[in-house]
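Descriptive structure summary
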Amino acid sequence: MPSKTVTVGSAVGLHARPAALIAEAVSKSGVPVTLATPGGNAIDAGSPLMIMTLGAKQGTEVTVSSDDASVLDRIADMVATDLDAD
């Protein structure tokens, strides 16, 4: 499965709001997407709770994987963006 490694951009890391926004985008895409931290197991990015279990703080590298290149790019961009910024 193609993947892309990005750095978490949200100031609070992948916590409640960023996790919910990412999971919603994955669910709407209809395509499986996984997230993983170095040395960790891949989790289903369609679940905000699973995203929060990564414990990924700002600056943590996260590998985003999906068979759909456009979805992969979109979710990777979301992980790298500060989703808490107004």
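Right above here is the structure, for reference.
In this text, all values refer to a predicted model and were calculated from it rather than measured experimentally.

1. Structural notes on helix H1 (residues 16–29)
Since the α-helix advances by 3.6 residues per turn, residues separated by three or four positions end up pointing in the same direction. Relative to the 20 Å expected for 14 residues at 1.5 Å per residue, H1 spans 20 Å between its end C-alpha atoms, a close match to the ideal helical length. Among the residues of H1, Pro18, Ala19, Ile22, Ala23, Ala25 and Val26 are the ones counted as buried. Within H1, the buried residues cover an arc of 160° as seen down the axis, which keeps them to one side. Gly30, located one to two residues past H1, shows a positive phi value of around 75°.

2. Looking at the pattern of salt bridges
Inspection of every chain in the model, using the stated rule, returns 2 salt bridges. Residues Glu24 and Lys28 are paired through a salt bridge, measuring 3.2 Å at the closest nitrogen-oxygen approach. Within this pair, Glu24 and its partner Lys28 are both found in helix H1, separated by 4 residues, close to a single helical turn. Classification of Glu24 as partly exposed rests on a relative accessible area of 40%.

3. Re the sheet that holds strand S1 (residues 3–7)
If you walk across this open sheet you meet the 4 strands as S1-S4-S2-S3, and the pairing is antiparallel. Looking at which strands have only one partner, the edges of the open sheet turn out to be S1 and strand S3 (43–44). In this structure, strand S2 (residues 33–36) lies alongside S3, joined through 2 bridges in antiparallel fashion. Paired with Leu35 across the bridge in S3 is Ile43. Strand contacts of helix H3 (residues 69–80): S1, S2 and strand S4 (61–66), with the helix running at about 15° to S1, the strand carrying the most contacts.

4. Details of the nonpolar core
Counting 25 residues, the largest nonpolar core has Leu14, Ile22, Leu35, Ile51, Val64, Ile75 and Val79 as the members making the most contacts within it. Listed by contribution, the elements that provide at least two residues to this core are H1, S2, S4 and H3. Top element by residues in this core is H3. It accounts for 6 residues. If we ignore the near neighbours within four places in the chain, the residues touching Leu14 are Val8, Ala19, Ile22, Leu35, Ile51, Met52, Leu54, Ala56 and Val62.

Conventions we followed
- Residues numbered from 1 in each chain as written.
- Predicted model: local features only at pLDDT ≥ 70, side-chain atom pairs only at ≥ 80, totals over all residues.
- Heavy atoms only, no water.
- Helix = DSSP H or I, 4+ residues; strand = E, 2+ residues; numbered from the N terminus.
- Expected span 1.5 Å × (residues − 1).
- Buried < 20%, exposed > 50% of the residue type's maximum accessible area, 1.4 Å probe, protein only.
- Arc of directions from axis to C-beta.
- Salt bridge = Lys/Arg side-chain N within 4 Å of Asp/Glu carboxyl O.
- Pairing = 2+ DSSP bridges.
- Contact = heavy atoms within 4.5 Å.
- Axes fitted to C-alpha atoms, helices over the stretch in contact; angles between N-to-C directions.
- Core = buried A, V, L, I, M, F, W, Y, C linked by side-chain atoms within 4.5 Å.

Any link to function would need more than the numbers given here.
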